[in-house]
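Each chain, written out:
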Amino acid sequence: MNEYPVILTINCGSSSVKFSVLDEISMEPLLAGICEGINTEATTLIVNSGEPVKLAHSDYEDALAAIALELEKRNLIECVAYIGHRIAHGGAIFGESVLLTDEVVEQIRAVSPLAPLHNYANLSGVASARLRFPGVPQVAVFDTSFHQTISPEAYLYGLPYSYFKEHGVRRYGFHGTSHRYVSMQAAELPELKGVSSGLVIAHLGNGASVCAVAGGQSVDTSMGMTPLEGLIMGTRCGDVDFGAMVWLARQTGQSLDDLEQVANTESGLLGLSGISSDLRTLEKAWREGDARAELAINTFVHRIARAIGGHATSLPRFDGLIFTGGIGENSVLIRRLVIKHLRVFGIEMDEEKNARPNSDGERIISSESSAVLCAVIPTNEEKMIAFDARRLGKASHLAEFA
Ligand SMILES: Nc1ncnc2c1ncn2[C@@H]1O[C@H](COP(=O)(O)OP(=O)(O)O)[C@@H](O)[C@H]1O
Ligand SMILES: CC(=O)OP(=O)(O)O
Ligand SMILES: [Mg+2]
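Not measured: the values here are computed from a predicted model.

K.L.:
Give me the environment of D23: which residues, what numbers.
P.N.:
Looking at the element boundaries, D23 is found in strand 2 (residues 16-23). With relative accessibility at 12%, the residue D23 sits in the buried group. With sequence-adjacent residues up to four places away left out, D23 is seen in contact with Y4, P5, E28 and L30. Within the local environment of D23, its side chain forms a polar contact with the backbone nitrogen of S26, the two atoms lying 2.9 Å apart.

Set out below in C-alpha coordinates:
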(Lines give C-alpha, C1' and ligand atoms only; values in the text may rest on other atoms or scores of the structure.)
(Ligands and ions follow the chains in the order given, each with its own letter.)
Protein backbone atom coordinates (compact mmCIF):
# COMPACT_ATOMS: atom_id res chain seq x y z
CA MET A 1 0.00 0.00 0.00
CA ASN A 2 1.31 3.47 -0.79
CA GLU A 3 1.39 6.28 1.76
CA TYR A 4 -0.91 8.65 -0.03
CA PRO A 5 -3.58 6.56 -1.73
CA VAL A 6 -5.89 8.14 -4.29
CA ILE A 7 -8.82 6.91 -6.38
CA LEU A 8 -8.98 7.50 -10.11
CA THR A 9 -12.43 7.70 -11.72
CA ILE A 10 -12.88 7.39 -15.46
CA ASN A 11 -15.96 8.22 -17.52
CA CYS A 12 -15.34 7.40 -21.17
CA GLY A 13 -18.11 8.95 -23.26
CA SER A 14 -18.74 8.76 -26.98
CA SER A 15 -16.44 11.71 -27.65
CA SER A 16 -14.79 12.53 -24.34
CA VAL A 17 -12.98 11.02 -21.38
CA LYS A 18 -13.73 12.66 -18.05
CA PHE A 19 -11.47 11.79 -15.14
CA SER A 20 -10.95 12.75 -11.54
CA VAL A 21 -8.53 11.90 -8.77
CA LEU A 22 -9.86 11.84 -5.21
CA ASP A 23 -8.05 11.51 -1.93
CA GLU A 24 -8.84 8.02 -0.66
CA ILE A 25 -9.40 9.14 2.92
CA SER A 26 -11.18 12.49 2.60
CA MET A 27 -12.76 11.72 -0.79
CA GLU A 28 -12.02 15.31 -1.77
CA PRO A 29 -11.05 15.90 -5.42
CA LEU A 30 -7.35 16.56 -6.05
CA LEU A 31 -7.46 16.76 -9.81
CA ALA A 32 -10.14 16.62 -12.49
CA GLY A 33 -10.23 17.02 -16.20
CA ILE A 34 -11.70 16.16 -19.55
CA CYS A 35 -10.22 14.99 -22.80
CA GLU A 36 -12.59 16.11 -25.57
CA GLY A 37 -12.83 15.36 -29.28
CA ILE A 38 -11.72 11.70 -29.06
CA ASN A 39 -11.15 10.17 -32.50
CA THR A 40 -11.19 13.59 -34.18
CA GLU A 41 -8.45 15.87 -35.43
CA ALA A 42 -9.10 18.28 -32.57
CA THR A 43 -8.50 16.37 -29.34
CA THR A 44 -7.89 18.61 -26.35
CA LEU A 45 -7.15 18.04 -22.70
CA ILE A 46 -8.43 20.40 -20.02
CA VAL A 47 -7.15 19.92 -16.48
CA ASN A 48 -8.75 21.64 -13.47
CA SER A 49 -10.79 23.95 -15.75
CA GLY A 50 -7.57 25.38 -17.21
CA GLU A 51 -6.76 26.22 -20.81
CA PRO A 52 -7.35 23.42 -23.35
CA VAL A 53 -4.14 21.75 -24.53
CA LYS A 54 -4.17 20.18 -27.99
CA LEU A 55 -3.17 16.50 -28.14
CA ALA A 56 -1.31 14.97 -31.05
CA HIS A 57 -3.15 11.64 -31.03
CA SER A 58 -6.71 11.04 -30.29
CA ASP A 59 -8.09 7.59 -29.44
CA TYR A 60 -9.09 6.35 -25.95
CA GLU A 61 -5.69 4.77 -25.39
CA ASP A 62 -4.00 8.11 -26.19
CA ALA A 63 -6.39 9.99 -23.92
CA LEU A 64 -5.60 7.63 -21.06
CA ALA A 65 -1.89 8.10 -21.77
CA ALA A 66 -2.31 11.90 -21.58
CA ILE A 67 -4.26 11.60 -18.35
CA ALA A 68 -1.61 9.27 -16.88
CA LEU A 69 1.01 11.87 -17.80
CA GLU A 70 -0.90 14.50 -15.81
CA LEU A 71 -0.87 12.16 -12.82
CA GLU A 72 2.83 11.47 -13.33
CA LYS A 73 3.63 15.22 -13.37
CA ARG A 74 2.08 15.41 -9.91
CA ASN A 75 3.74 12.21 -8.66
CA LEU A 76 0.35 10.55 -8.36
CA ILE A 77 0.80 7.47 -10.56
CA GLU A 78 2.11 5.25 -7.77
CA CYS A 79 -0.64 6.55 -5.48
CA VAL A 80 -3.53 5.17 -7.53
CA ALA A 81 -5.03 2.57 -5.18
CA TYR A 82 -8.38 1.96 -6.89
CA ILE A 83 -9.96 2.84 -10.22
CA GLY A 84 -13.70 3.31 -10.77
CA HIS A 85 -15.24 3.26 -14.25
CA ARG A 86 -18.62 4.60 -15.24
CA ILE A 87 -20.40 1.95 -17.32
CA ALA A 88 -23.75 3.00 -18.79
CA HIS A 89 -25.52 -0.34 -19.26
CA GLY A 90 -25.34 -3.25 -16.84
CA GLY A 91 -28.29 -5.08 -18.36
CA ALA A 92 -30.07 -7.69 -16.27
CA ILE A 93 -26.75 -9.06 -14.98
CA PHE A 94 -25.45 -6.20 -12.85
CA GLY A 95 -27.75 -4.88 -10.15
CA GLU A 96 -24.84 -3.20 -8.41
CA SER A 97 -21.24 -2.15 -8.85
CA VAL A 98 -18.73 -4.95 -9.38
CA LEU A 99 -14.99 -5.61 -9.44
CA LEU A 100 -13.77 -5.81 -13.03
CA THR A 101 -12.47 -9.18 -14.16
CA ASP A 102 -12.09 -10.66 -17.66
CA GLU A 103 -15.43 -12.40 -17.20
CA VAL A 104 -17.18 -9.17 -16.14
CA VAL A 105 -15.72 -7.33 -19.14
CA GLU A 106 -17.17 -10.00 -21.45
CA GLN A 107 -20.56 -9.79 -19.74
CA ILE A 108 -20.56 -6.00 -20.18
CA ARG A 109 -19.61 -6.45 -23.83
CA ALA A 110 -22.62 -8.74 -24.30
CA VAL A 111 -25.11 -6.00 -23.29
CA SER A 112 -23.25 -3.21 -25.10
CA PRO A 113 -25.43 -3.15 -28.24
CA LEU A 114 -28.14 -1.77 -25.92
CA ALA A 115 -26.11 1.39 -25.24
CA PRO A 116 -24.08 1.82 -28.41
CA LEU A 117 -23.13 5.46 -27.78
CA HIS A 118 -21.77 4.62 -24.35
CA ASN A 119 -20.76 1.06 -23.49
CA TYR A 120 -18.14 0.51 -26.21
CA ALA A 121 -16.45 3.74 -25.22
CA ASN A 122 -16.70 2.73 -21.54
CA LEU A 123 -15.02 -0.59 -22.35
CA SER A 124 -12.22 1.12 -24.29
CA GLY A 125 -11.45 3.07 -21.11
CA VAL A 126 -11.49 -0.12 -19.06
CA ALA A 127 -9.11 -1.89 -21.47
CA SER A 128 -6.65 1.03 -21.49
CA ALA A 129 -6.73 1.47 -17.74
CA ARG A 130 -6.23 -2.25 -17.07
CA LEU A 131 -3.14 -2.22 -19.29
CA ARG A 132 -1.78 0.98 -17.79
CA PHE A 133 -2.48 0.18 -14.14
CA PRO A 134 -1.93 -3.59 -13.80
CA GLY A 135 -2.61 -4.85 -10.29
CA VAL A 136 -4.80 -1.90 -9.30
CA PRO A 137 -8.36 -3.07 -8.43
CA GLN A 138 -10.80 -1.64 -10.95
CA VAL A 139 -14.52 -1.38 -10.41
CA ALA A 140 -17.48 -0.93 -12.78
CA VAL A 141 -20.26 1.39 -11.61
CA PHE A 142 -23.42 1.12 -13.71
CA ASP A 143 -25.96 3.80 -14.65
CA THR A 144 -28.66 1.13 -14.55
CA SER A 145 -28.08 -0.12 -10.98
CA PHE A 146 -30.07 2.52 -9.08
CA HIS A 147 -33.19 1.68 -11.07
CA GLN A 148 -33.29 -2.00 -10.04
CA THR A 149 -36.02 -1.04 -7.55
CA ILE A 150 -38.60 -0.02 -10.17
CA SER A 151 -41.65 -2.27 -10.37
CA PRO A 152 -42.82 -4.31 -13.37
CA GLU A 153 -45.60 -1.78 -14.02
CA ALA A 154 -42.91 0.85 -14.53
CA TYR A 155 -40.40 -1.27 -16.43
CA LEU A 156 -42.59 -3.27 -18.79
CA TYR A 157 -43.47 -2.13 -22.29
CA GLY A 158 -46.92 -2.75 -23.72
CA LEU A 159 -45.51 -5.50 -25.91
CA PRO A 160 -46.25 -9.26 -25.80
CA TYR A 161 -45.08 -10.51 -22.41
CA SER A 162 -43.04 -13.22 -24.15
CA TYR A 163 -40.65 -10.50 -25.43
CA PHE A 164 -39.81 -9.71 -21.83
CA LYS A 165 -39.57 -13.35 -20.72
CA GLU A 166 -37.70 -14.67 -23.75
CA HIS A 167 -35.70 -11.68 -24.97
CA GLY A 168 -35.37 -9.54 -21.85
CA VAL A 169 -37.11 -6.57 -23.46
CA ARG A 170 -37.76 -4.16 -20.57
CA ARG A 171 -36.93 -0.67 -19.40
CA TYR A 172 -33.74 -0.26 -17.33
CA GLY A 173 -33.19 3.48 -16.94
CA PHE A 174 -29.85 5.33 -16.86
CA HIS A 175 -28.04 8.19 -15.09
CA GLY A 176 -28.61 6.15 -11.93
CA THR A 177 -25.31 7.20 -10.34
CA SER A 178 -26.35 10.84 -10.69
CA HIS A 179 -29.95 10.26 -9.54
CA ARG A 180 -28.62 8.27 -6.55
CA TYR A 181 -26.21 11.03 -5.50
CA VAL A 182 -28.73 13.83 -5.99
CA SER A 183 -31.49 12.02 -4.08
CA MET A 184 -29.10 11.44 -1.15
CA GLN A 185 -28.13 15.12 -1.11
CA ALA A 186 -31.77 16.21 -1.42
CA ALA A 187 -32.69 14.10 1.60
CA GLU A 188 -30.20 16.19 3.60
CA LEU A 189 -31.78 19.55 2.67
CA PRO A 190 -33.25 21.03 5.88
CA GLU A 191 -36.62 21.47 4.12
CA LEU A 192 -36.77 17.76 3.21
CA LYS A 193 -34.80 16.15 6.02
CA GLY A 194 -36.71 13.64 8.11
CA VAL A 195 -39.59 13.27 5.68
CA SER A 196 -39.76 10.11 3.62
CA SER A 197 -39.85 12.34 0.64
CA GLY A 198 -41.11 12.01 -2.91
CA LEU A 199 -38.77 13.61 -5.41
CA VAL A 200 -38.63 14.11 -9.14
CA ILE A 201 -35.07 14.61 -10.35
CA ALA A 202 -34.39 16.09 -13.78
CA HIS A 203 -30.87 15.19 -14.92
CA LEU A 204 -30.41 17.43 -17.95
CA GLY A 205 -27.09 17.12 -19.76
CA ASN A 206 -26.15 15.82 -23.20
CA GLY A 207 -28.20 12.80 -22.26
CA ALA A 208 -31.25 13.68 -20.17
CA SER A 209 -33.61 11.75 -17.94
CA VAL A 210 -36.17 12.24 -15.22
CA CYS A 211 -36.38 9.94 -12.19
CA ALA A 212 -39.05 9.59 -9.50
CA VAL A 213 -37.52 8.74 -6.12
CA ALA A 214 -39.67 7.64 -3.18
CA GLY A 215 -38.03 7.13 0.22
CA GLY A 216 -34.60 7.11 -1.43
CA GLN A 217 -35.47 4.47 -4.05
CA SER A 218 -35.96 4.88 -7.78
CA VAL A 219 -39.58 4.07 -8.62
CA ASP A 220 -39.75 5.32 -12.21
CA THR A 221 -37.50 6.86 -14.81
CA SER A 222 -37.80 8.16 -18.36
CA MET A 223 -35.04 6.23 -20.16
CA GLY A 224 -35.80 2.69 -21.26
CA MET A 225 -34.11 -0.45 -22.49
CA THR A 226 -31.62 1.92 -24.11
CA PRO A 227 -30.68 5.55 -23.35
CA LEU A 228 -32.80 6.67 -26.31
CA GLU A 229 -36.22 6.71 -24.63
CA GLY A 230 -37.85 9.66 -22.91
CA LEU A 231 -36.73 13.25 -23.10
CA ILE A 232 -35.43 15.08 -26.16
CA MET A 233 -31.62 15.24 -25.74
CA GLY A 234 -28.60 16.85 -27.37
CA THR A 235 -28.58 14.52 -30.38
CA ARG A 236 -31.12 11.86 -29.33
CA CYS A 237 -34.81 12.04 -30.23
CA GLY A 238 -36.32 10.54 -27.05
CA ASP A 239 -39.86 9.13 -27.36
CA VAL A 240 -41.05 8.74 -30.93
CA ASP A 241 -44.07 6.89 -32.28
CA PHE A 242 -42.66 3.57 -33.53
CA GLY A 243 -45.22 3.84 -36.34
CA ALA A 244 -43.53 7.03 -37.53
CA MET A 245 -40.21 5.20 -37.84
CA VAL A 246 -41.81 2.34 -39.77
CA TRP A 247 -43.46 4.88 -42.10
CA LEU A 248 -40.13 6.67 -42.58
CA ALA A 249 -38.31 3.42 -43.35
CA ARG A 250 -40.87 2.60 -46.03
CA GLN A 251 -40.94 6.13 -47.48
CA THR A 252 -37.20 6.73 -47.59
CA GLY A 253 -35.80 3.22 -47.88
CA GLN A 254 -33.60 3.75 -44.82
CA SER A 255 -32.61 0.60 -42.93
CA LEU A 256 -33.04 0.02 -39.19
CA ASP A 257 -29.34 0.75 -38.75
CA ASP A 258 -29.71 4.06 -40.63
CA LEU A 259 -32.67 5.10 -38.52
CA GLU A 260 -30.95 4.07 -35.28
CA GLN A 261 -28.05 6.31 -36.24
CA VAL A 262 -30.39 9.23 -37.02
CA ALA A 263 -32.30 8.76 -33.75
CA ASN A 264 -29.10 8.65 -31.68
CA THR A 265 -26.85 11.19 -33.35
CA GLU A 266 -28.76 13.51 -35.70
CA SER A 267 -31.91 14.24 -33.71
CA GLY A 268 -32.80 16.04 -30.49
CA LEU A 269 -31.74 19.67 -30.06
CA LEU A 270 -29.33 19.29 -32.97
CA GLY A 271 -31.90 17.84 -35.35
CA LEU A 272 -34.66 20.28 -34.39
CA SER A 273 -32.52 23.41 -34.50
CA GLY A 274 -30.25 22.46 -37.38
CA ILE A 275 -27.58 24.40 -35.47
CA SER A 276 -26.11 22.55 -32.51
CA SER A 277 -26.66 20.01 -29.76
CA ASP A 278 -25.10 22.43 -27.28
CA LEU A 279 -27.68 24.38 -25.32
CA ARG A 280 -25.36 27.38 -24.82
CA THR A 281 -25.13 27.81 -28.60
CA LEU A 282 -28.91 27.52 -28.93
CA GLU A 283 -29.66 30.02 -26.16
CA LYS A 284 -27.36 32.50 -27.91
CA ALA A 285 -28.99 31.83 -31.29
CA TRP A 286 -32.46 32.39 -29.78
CA ARG A 287 -31.33 35.70 -28.25
CA GLU A 288 -30.13 36.68 -31.72
CA GLY A 289 -33.57 35.91 -33.15
CA ASP A 290 -33.18 32.39 -34.57
CA ALA A 291 -36.69 30.91 -34.67
CA ARG A 292 -35.54 27.27 -35.01
CA ALA A 293 -33.36 27.59 -31.91
CA GLU A 294 -36.40 28.94 -30.04
CA LEU A 295 -38.57 26.08 -31.30
CA ALA A 296 -35.94 23.45 -30.35
CA ILE A 297 -35.65 24.86 -26.82
CA ASN A 298 -39.41 25.10 -26.31
CA THR A 299 -39.92 21.54 -27.58
CA PHE A 300 -37.14 20.30 -25.26
CA VAL A 301 -38.83 22.11 -22.34
CA HIS A 302 -42.33 20.83 -23.18
CA ARG A 303 -41.12 17.24 -23.02
CA ILE A 304 -39.26 17.77 -19.73
CA ALA A 305 -42.30 19.33 -18.05
CA ARG A 306 -44.57 16.54 -19.28
CA ALA A 307 -42.14 13.91 -17.97
CA ILE A 308 -41.95 15.63 -14.57
CA GLY A 309 -45.75 15.70 -14.31
CA GLY A 310 -45.99 12.05 -15.34
CA HIS A 311 -43.28 10.89 -12.97
CA ALA A 312 -44.93 12.70 -10.06
CA THR A 313 -47.81 10.23 -10.40
CA SER A 314 -45.44 7.40 -9.42
CA LEU A 315 -44.87 9.07 -6.03
CA PRO A 316 -47.01 8.83 -2.90
CA ARG A 317 -46.41 12.61 -2.50
CA PHE A 318 -44.55 15.26 -4.43
CA ASP A 319 -42.19 17.13 -2.09
CA GLY A 320 -39.26 18.17 -4.23
CA LEU A 321 -38.27 18.88 -7.84
CA ILE A 322 -34.51 18.83 -8.30
CA PHE A 323 -32.51 20.00 -11.32
CA THR A 324 -29.05 18.65 -12.08
CA GLY A 325 -26.63 17.93 -14.99
CA GLY A 326 -24.87 20.51 -17.17
CA ILE A 327 -28.16 22.10 -18.29
CA GLY A 328 -30.12 21.59 -15.07
CA GLU A 329 -27.35 23.20 -13.03
CA ASN A 330 -26.44 26.07 -15.36
CA SER A 331 -29.37 27.10 -17.50
CA VAL A 332 -31.48 29.74 -15.76
CA LEU A 333 -33.68 29.81 -18.89
CA ILE A 334 -34.52 26.10 -19.04
CA ARG A 335 -35.41 25.99 -15.34
CA ARG A 336 -37.60 29.08 -15.71
CA LEU A 337 -39.45 27.66 -18.73
CA VAL A 338 -39.91 24.19 -17.20
CA ILE A 339 -41.26 25.60 -13.94
CA LYS A 340 -43.64 27.88 -15.87
CA HIS A 341 -45.16 24.74 -17.42
CA LEU A 342 -45.71 23.26 -13.97
CA ARG A 343 -48.09 25.91 -12.60
CA VAL A 344 -50.90 23.37 -12.53
CA PHE A 345 -49.07 21.67 -9.62
CA GLY A 346 -48.88 24.96 -7.70
CA ILE A 347 -45.13 25.10 -8.41
CA GLU A 348 -43.67 28.61 -8.40
CA MET A 349 -40.17 29.84 -9.02
CA ASP A 350 -38.34 32.69 -7.30
CA GLU A 351 -36.67 34.62 -10.18
CA GLU A 352 -33.86 35.95 -8.03
CA LYS A 353 -33.03 32.58 -6.50
CA ASN A 354 -33.17 30.93 -9.92
CA ALA A 355 -30.66 33.46 -11.26
CA ARG A 356 -27.95 32.47 -8.75
CA PRO A 357 -24.87 30.91 -10.38
CA ASN A 358 -23.98 27.23 -10.09
CA SER A 359 -20.83 28.20 -8.19
CA ASP A 360 -23.22 28.79 -5.25
CA GLY A 361 -23.74 25.01 -5.13
CA GLU A 362 -26.91 23.42 -3.76
CA ARG A 363 -29.71 26.00 -3.68
CA ILE A 364 -33.47 26.41 -3.43
CA ILE A 365 -35.06 28.16 -6.43
CA SER A 366 -38.79 27.97 -5.61
CA SER A 367 -40.81 30.75 -3.98
CA GLU A 368 -41.99 30.55 -0.36
CA SER A 369 -45.52 29.80 -1.54
CA SER A 370 -44.62 27.04 -4.01
CA ALA A 371 -46.51 23.78 -3.37
CA VAL A 372 -43.35 21.81 -4.18
CA LEU A 373 -39.81 22.70 -3.19
CA CYS A 374 -37.60 23.26 -6.25
CA ALA A 375 -33.83 23.09 -5.96
CA VAL A 376 -30.63 22.79 -7.94
CA ILE A 377 -28.20 20.12 -6.70
CA PRO A 378 -24.94 19.83 -8.68
CA THR A 379 -24.37 16.19 -9.42
CA ASN A 380 -21.20 14.36 -8.44
CA GLU A 381 -21.07 11.01 -10.18
CA GLU A 382 -17.31 10.86 -9.58
CA LYS A 383 -17.76 10.78 -5.83
CA MET A 384 -20.26 7.91 -6.02
CA ILE A 385 -17.97 6.00 -8.38
CA ALA A 386 -15.03 6.60 -6.04
CA PHE A 387 -17.00 5.35 -3.01
CA ASP A 388 -17.87 2.11 -4.79
CA ALA A 389 -14.32 1.70 -6.13
CA ARG A 390 -12.92 2.07 -2.60
CA ARG A 391 -15.48 -0.26 -1.00
CA LEU A 392 -15.12 -3.08 -3.56
CA GLY A 393 -11.39 -2.52 -4.05
CA LYS A 394 -10.77 -2.85 -0.30
CA ALA A 395 -12.92 -5.99 -0.16
CA SER A 396 -10.85 -7.53 -2.97
CA HIS A 397 -7.61 -6.85 -1.05
CA LEU A 398 -9.09 -8.45 2.06
CA ALA A 399 -10.21 -11.47 0.01
CA GLU A 400 -6.66 -11.81 -1.37
CA PHE A 401 -5.20 -12.03 2.12
CA ALA A 402 -7.96 -14.21 3.59
N1 LIG B 1 -23.97 28.01 -18.55
C2 LIG B 1 -24.70 27.17 -19.27
N3 LIG B 1 -25.89 27.57 -19.78
C4 LIG B 1 -26.65 26.73 -20.52
N5 LIG B 1 -26.29 25.46 -20.79
C6 LIG B 1 -25.14 25.00 -20.32
C7 LIG B 1 -24.27 25.82 -19.53
N8 LIG B 1 -23.18 25.09 -19.19
C9 LIG B 1 -23.34 23.85 -19.75
N10 LIG B 1 -24.51 23.80 -20.42
C11 LIG B 1 -25.05 22.70 -21.24
O12 LIG B 1 -24.92 21.45 -20.60
C13 LIG B 1 -24.90 20.42 -21.60
C14 LIG B 1 -23.83 19.40 -21.24
O15 LIG B 1 -24.15 18.82 -20.03
P16 LIG B 1 -23.21 17.75 -19.29
O17 LIG B 1 -23.96 17.24 -18.10
O18 LIG B 1 -21.88 18.33 -19.06
O19 LIG B 1 -23.12 16.66 -20.43
P20 LIG B 1 -22.70 15.14 -20.41
O21 LIG B 1 -23.99 14.39 -20.53
O22 LIG B 1 -21.82 15.00 -21.60
O23 LIG B 1 -22.03 14.86 -19.09
C24 LIG B 1 -24.65 21.12 -22.94
O25 LIG B 1 -25.86 21.20 -23.68
C26 LIG B 1 -24.23 22.52 -22.49
O27 LIG B 1 -24.58 23.49 -23.43
C1 LIG C 1 -26.84 7.29 -20.36
C2 LIG C 1 -26.59 8.66 -20.87
O3 LIG C 1 -27.40 9.22 -21.58
O4 LIG C 1 -25.44 9.24 -20.50
P5 LIG C 1 -24.86 10.65 -20.98
O6 LIG C 1 -25.75 11.70 -20.42
O7 LIG C 1 -23.47 10.68 -20.40
O8 LIG C 1 -24.87 10.65 -22.48
MG1 LIG D 1 -23.25 13.25 -18.04
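Still more to cover.
K.L.:
Please set out the site of ligand 1 residue by residue, giving values where relevant.
P.N.:
Near ligand 1 you find 14 residues, and of these K18, N206, D278, L279 and G326 are the closest. In this structure, L279 approaches ligand 1 through a main-chain N or O atom, which is 3.1 Å from an oxygen atom. Considered on its own, ligand 1 offers 580 Å² of accessible surface; in the complex 72% of this is hidden by protein. Mapped by element, the contributors of at least two residues to the shell around ligand 1 are helix 10 (279-287) and helix 12 (325-330). Sort the elements by how many residues they give to the shell around ligand 1 and helix 12 lands first, with 4 residues. When the residues that make up the shell around ligand 1 are grouped by side-chain class, the tally is 2 nonpolar, 8 polar and 4 charged.

K.L.:
Could you give an account of the environment of A285, naming the residues involved and the relevant values?
P.N.:
Counting through the fold element by element, A285 comes out in helix 10. Through-space distance from the C-alpha of A285 to that of R170 is 39 Å; in sequence the pair is 115 residues apart. With residues up to four places along the chain from it excluded, the contact list for A285 reads I275, D290 and A293.

K.L.:
Quick rundown of helix 7 (residues 242-252)? Include the residues and the values.
P.N.:
Taking the backbone nitrogen of G243 as reference, a side-chain oxygen 2.8 Å away marks D241 as the first, capping residue of helix 7. Where helix 7 ends, the next residue or the one after it, G253, has phi of about 75 degrees, a positive value.

K.L.:
Describe in detail the packing of helix 10 against helix 11 (residues 291-312), supporting the description with residues and values.
P.N.:
The geometry of helix 10 relative to helix 11 is characterised by a closest axis approach of 8 Å and an angle of 125 degrees between their N-to-C directions. With respect to their mutual orientation, helix 10 and helix 11 come out oblique. Where helix 10 crosses over helix 11, the handedness of that crossing is left-handed. Residue-level contacts link L279, L282, E283, A285 and W286 of helix 10 to A293, E294, I297 and N298 of helix 11.

K.L.:
Run through the site of ligand 2, naming residues and quoting values.
P.N.:
Close to ligand 2 lie R86, H118, D143, F174, H175, G207, M223, P227 and R236, which account for all nearby residues. Within the side chain of H118, one N or O atom sits 2.7 Å away from an oxygen atom of ligand 2. H175 places a polar side-chain atom, nitrogen or oxygen, 2.7 Å from an oxygen atom of ligand 2. Burial of ligand 2 by the protein chains amounts to 85% of its free accessible area of 260 Å². For the shell around ligand 2, the class distribution of residues is 3 nonpolar, 3 polar and 3 charged.

K.L.:
Please give an account of the UniProt feature "binding site: Mg(2+)" (unreviewed entry) in the protein chain that cites residues and values.
P.N.:
When the UniProt feature table is mapped onto this chain, "binding site: Mg(2+)" (unreviewed entry) is found at N11 and E381. What stands out for the annotated residues spanning 371 residues is how close their C-alpha atoms remain, the widest pair being 9.4 Å apart. Tracing the chain through its elements places N11 in strand 1 (residues 6-12). Non-local contacts of N11, meaning those with residues more than four positions away in its chain, are made with S16, V17, K18 and R86. As for its placement among the helices and strands, E381 is situated in helix 15 (residues 381-401). The residues contacting E381, other than those within four sequence positions of it, are T177, S178 and H203.

K.L.:
How would you summarise the sheet that holds strand 8 (residues 138-142) if you had to cite specific residues and measurements?
P.N.:
Pairing is mixed in the open sheet, where 8 strands are placed in the order 5-4-3-2-1-6-8-7. At either end of the open sheet lies a strand with only one pairing partner, and these are strand 5 (53-54) and strand 7 (98-99). Sheet analysis places strand 1 next to strand 2, joined by 7 bridges and oriented antiparallel. Paired with T9 across the two strands is S20, which belongs to strand 2. Lying over the sheet, helix 1 (residues 60-73) contacts strand 1, strand 2, strand 3 (29-36), strand 4 (44-47) and strand 6 (80-87), oriented at roughly 30 degrees with respect to strand 2.

K.L.:
Can you lay out the packing of aromatic side chains for me, pointing to particular residues and giving the numbers?
P.N.:
Each pair of aromatic rings is reported with the distance of its centres and the angle of its planes. Summed over the entire model, instances satisfying the criterion amount to 4 aromatic pairs. Ring plane angle 55 degrees and centroid distance 5.6 Å describe the contact between Y161 and F164, whose orientation is recorded as tilted. Here the residue Y161 and the residue F164 both occupy positions in helix 5 (residues 161-167), the gap between them amounting to 3 residues, near one helical turn. With a centroid separation of 6.1 Å and 80 degrees between ring planes, the pair formed by F318 and F345 is classed as edge-to-face. Here F318 is found in the loop between helix 11 and strand 12 (320-324), whereas its partner F345 is found in the loop between helix 13 (332-341) and helix 14 (351-354), with 27 residues between them in sequence. The class of F345 is partly exposed, set by a relative accessible area of 33%.

Calculation rules
- Residues numbered from 1 in each chain as written.
- Chains lettered and ligands numbered in written order.
- Predicted model: local features only at pLDDT ≥ 70, side-chain atom pairs only at ≥ 80, totals over all residues.
- Heavy atoms only, no water.
- Helix = DSSP H or I, 4+ residues; strand = E, 2+ residues; numbered from the N terminus.
- Buried < 20%, exposed > 50% of the residue type's maximum accessible area, 1.4 Å probe, protein only.
- Contact = heavy atoms within 4.5 Å.
- Polar contact = N/O pair within 3.5 Å; in protein donor to acceptor, adjacent residues only side chain to side chain.
- Near = heavy atom within 4 Å.
- Areas by Shrake-Rupley, 256 points an atom, 1.4 Å probe, with all protein chains shown as cover.
- Nonpolar A, V, L, I, M, F, W, Y, C, P; charged D, E, K, R; others polar.
- Axes fitted to C-alpha atoms, helices over the stretch in contact; angles between N-to-C directions.
- Parallel < 35°, antiparallel > 145°, perpendicular 65-115°, else oblique.
- Left-handed = near helix turned anticlockwise from the far one by under 90°.
- UniProt positions renumbered as here; feature names shortened; annotations may be inferred.
- Pairing = 2+ DSSP bridges.
- Phe/Tyr/Trp six-rings, centres within 6.5 Å; stacked < 30°, edge-to-face > 60°.

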